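What the coordinates show
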Amino acid sequence: MACHIPRLVSLLKKKHFLCCISAVALKRMLNFNAPPLKNTAAEPVWKVLIYDRFGQDIISPLLSVKELRDMGITLHLLLHSDRDPIPDVPAIYFVMPTEENIDRICQDLRNQLYESYYLNFISAISRSKLEDIASAALAANAVTQVTKVFDQYLNFITLEDDMFILCHQNKELISYHAINRADIQDTDMEAIMDTIVDSLFCFFVTLGAVPIIRCPRGNAAEMVAVKLDKKLRENLRDARNSLFTGDSMTAGQFSFQRPLFVLVDRNVDMATPLHHTWTYQALIHDVLDFHLNRVVMEEGMGAEPSAGARPKKKSRKTYDLTAADKFWQKHKGSPFPEVAESVQEELDTYRAQEDEVKRLKSIMGLEGEDEGAISMLSDNTAKLTSAVSSLPELLEKKRLIDLHTNVATAVLDHIKSRKLDVYFEFEEKLMSKSTLDKSLLDIISDPDAGTPEDKMRLFLIYYITAQQAPSESDLEQYKKALLDAVCDLSPLNYIKQWKAFTKMAATPANYGNSGVKPMGLFSRVMNTGSQFVMEGVKNLVLKQHNLPVTRILDNLMEMKSHPETDDYRYFDPKMLRGSESSIPRNKNPFQEAIVFVVGGGNYIEYQNLVDYTKSKQGKKIVYGCSELFNASQFIKQLSQLGQK
């Protein structure tokens, strides 16, 4: 049985869209698959949560440990860890229906670890595996303890209200490298496509909506579209067991219209994932260790220990960047200099509030009974009361300011040591075909500008976006400079083949007339009391422009005729079989759309879609991708492809 989610419409109207739907589904599961009761003073039922790595990745961006505790989860443990029996407590399992997971569940039943078992599978479990559990329960005399078995259809990870990825574990199995290997067998390709389609099917079941599917021809995105259309169609045809009828579907129908689902292939735009970026969230993902909304940093990255002193052991610190963090929500898409100014502003405001509390405290400590002191006292009692009541708020504010000060400082160190502002500005000019103020060779040859990887990224963007490939002699000159800068040339080997193969070689992707304009010096951050020493960093401001993925979505969502998308295929899983050309097509612009990149996505594209949505009143757009990689991870995949 699927986890049905009514009231989708009311959720759609809220800003918190995806997170809300996924969190509602999880909370329902943690409440033994019954809707959580509102405002009950009753204690929750205490229980244990057993998950595998996949389950852990799905839950961690959505529910904090505190929220789990509020729902009665006293312990959360990995399925394949050593677990002691807790015989008088119910256990909720949230795992993938894999062979080894099923074996371990059967072992738990035999060992009688818990009072009762609520088995929730992330993706649908097959009949044969269900029979394995049944026979194990019989043999262990535990049939009555297996209380419920549910298919949850939650096989995707929600990172933002408008962003999801398919998986974090085993992502190399569906990576860009896996799909584009030269030696890939048909059976491997089928398996990759089935994995992707299974997750997308779960996504639409959870959403309670059957989309209209559009995709380009002749690539992996088309294979996914054909398979997804078939899977949705088969499910709709089986009326008795359809996951899109009943309560979840009635909810879906009231949404003004069905959503548009646009599938694109990573090959449509290879420059953006390599691009040096300038917005906060994308920069954190590019230069720091940032996964599933969590940044891991080494503390004490600063001063070197003095000679003879024992080097301090570096401790790792993790920070969660969540929806509850208002500063993050407001600034994750802002240009970095603006973020640095805002952190400084927050810090100044906080210090002023802190000083006020200290001042009131010292007044309250006044000795002597003179008139002045007494009148000041009565005046300030009210002030102090309000100051003390706002103390928890103040402490939370302090925690967030410290968090962003540390993260932004770490990002700034990278910008300064690698001259990332220079790279960003130069790449923007390359991508928008603007005139360049310095030569590419100069940057590649400058020993102070960036790492070998930075130089390679820049050169690949030049090579990908160039209207005409450089002549052989020029290319040799560039290669020599890159080798002198200790660059690995394997990614270039692959990109050369890619450019020769793609039809796009004829018409390079158009990156819009983006542009950056340098602003004046930083006002607040340049003063001496600032946390951030921004000397030498350019204050660049972005102009709004649409990247290829955003442009494709805009054409299809607004029903614009455009040579880039006129050839896209059209699937409507609700229509009985007819040839594609005879299907009656939706003529009105769409209000809701999901764009999904097969082969991997990034925060630059996500942010570009978010900015685009802001200019479209009342439209909702969700960005999804098979995996989320930064430029460094992407270039590694290109390098592996280039070595073959």
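Criteria and thresholds
Residues numbered from 1 in each chain as written. Predicted model: local features only at pLDDT ≥ 70, side-chain atom pairs only at ≥ 80, totals over all residues. Heavy atoms only, no water. Salt bridge = Lys/Arg side-chain N within 4 Å of Asp/Glu carboxyl O. Helix = DSSP H or I, 4+ residues; strand = E, 2+ residues; numbered from the N terminus. Buried < 20%, exposed > 50% of the residue type's maximum accessible area, 1.4 Å probe, protein only. Pairing = 2+ DSSP bridges. Axes fitted to C-alpha atoms, helices over the stretch in contact; angles between N-to-C directions. Phe/Tyr/Trp six-rings, centres within 6.5 Å; stacked < 30°, edge-to-face > 60°. pLDDT = per-residue confidence, 0-100. Contact = heavy atoms within 4.5 Å. Expected span 1.5 Å × (residues − 1). Arc of directions from axis to C-beta. Parallel < 35°, antiparallel > 145°, perpendicular 65-115°, else oblique. Left-handed = near helix turned anticlockwise from the far one by under 90°.

Counted under the stated rule, the structure contains 28 salt bridges. Between arginine 399 and glutamate 396 there is a salt bridge; the shortest N-O distance is 3.0 Å. Placement of both arginine 399 and glutamate 396 in helix H15 (residues 391–418) is noted, with a separation of 3 residues, approximately one turn of the helix. Here arginine 399 falls in the partly exposed class, since its relative accessible area comes to 44%. Here arginine 457 ties to aspartate 454 by a salt bridge, and the two come within 3.8 Å at their closest N and O atoms. Residue arginine 457 and its partner aspartate 454 are located together in helix H18 (residues 452–465), separated by 3 residues, close to a single helical turn. Residues joined in a network through salt bridges with shared partners are Asp286, Arg418, Asp454 and Arg457.

A few words now on the sheet that holds strand S16 (residues 592–598). Reading across the sheet, the 7 strands line up as S6-S7-S17-S16-S9-S8-S15 and stay open at both edges, with mixed pairing between neighbours. Looking at the sheet topology across the chains shown, the edges are occupied by strand S6 (157–160) and strand S15 (569–571). Here the strands of the sheet are splayed against their neighbours by 20° on average, with no regard to which way each runs. Note: strand S9 (residues 260–265) against S16, 6 bridges, orientation parallel. In the sheet register, aspartate 265 faces S16, and the bridge partner there is valine 598.

With that out of the way, let us pick up the packing of aromatic side chains. Taken as a whole and assessed by the stated rule, the structure comprises 27 aromatic pairs. When the centroid spacing of 5.7 Å and the interplanar angle of 10° are considered together, the rings of tryptophan 278 and phenylalanine 424 count as stacked. Taken together, the residues span a long stretch of sequence, with tryptophan 278 in the loop between S9 and helix H11 (280–287) and phenylalanine 424 in helix H16 (residues 420–431) at a distance of 146 residues. As far as burial versus exposure is concerned, tryptophan 278 and phenylalanine 424 are alike and both buried. Ring geometry for tyrosine 462 versus tyrosine 478: centroids 5.5 Å apart, planes at 55°, classification tilted. Of this pair, tyrosine 462 sits in helix H18 while tyrosine 478 sits in helix H19 (residues 472–484); the two residues are 16 residues apart in sequence, bridging distant segments of the chain.

Note that predicted coordinates carrying low pLDDT should not be read in detail. Of the residues in the protein chain, 83% reach a pLDDT of 70 or more, and the chain-wide mean stands at 85. Mean pLDDT values over the elements of the protein chain span from 38, in helix H1 (residues 8–13), up to 97, in H11. Low pLDDT, under 50, characterises residues 1–15; the stretch is placed with 42 contacts to residues that sit more than four places away or in other chains. Every residue in residues 302–307 is under pLDDT 50, and counting partners more than four places away or in other chains gives 2 contacts.

A rise of 1.5 Å per residue sets the reference length of H19, with its 13 residues, at 18 Å; its end C-alpha atoms lie 18 Å apart and thus fit the reference within 8%. Within the sequence span of H19, burial applies to Leu475, Tyr478, Lys479, Ala481 and Leu482. The arc that holds every buried residue of H19, seen down its axis, measures 165°, which confines them to one face. More than 90 degrees from the buried face of H19, the exposed residues found are Ser473, Lys480 and Asp484. Buried positions along H19 lie against helix H17 (440–445), H18 and helix H20 (490–501). Count one or two residues on from H19 and you reach valine 486, which has phi positive near 60°.

What follows concerns the packing of H18 against H19. Running from N to C, H18 and H19 cross one another at 165°; their axes reach a closest spacing of 11 Å. Between H18 and H19, the angle falls in the class roughly antiparallel. The interaxial crossing formed by H18 with H19 has left-handed handedness. On H19, the residues that touch Lys455, Met456, Phe459, Tyr462 and Tyr463 of H18 are Leu475, Tyr478 and Leu482.

What follows concerns the sheet that holds strand S10 (residues 289–291). Whether parallel or antiparallel, the strands of a sheet pair through hydrogen bonds between backbone atoms. Strand order in the open sheet formed by 3 strands is S10-S11-S12, and the pairing between neighbours is antiparallel. Each edge of the sheet is formed by a strand with only one pairing partner; in this case those strands are S10 and strand S12 (316–320). Each adjacent strand pair in this sheet contributes to an overall mean axis angle of 20°, direction not counted. Inspection of the sheet shows S10 paired to strand S11 (residues 294–298) by 3 bridges, in the antiparallel sense. Its bridge partner lying in S11, phenylalanine 290 is registered against valine 295. Across the face of the sheet, H15 comes into contact with S11 and S12 while running at roughly 115° to S12.

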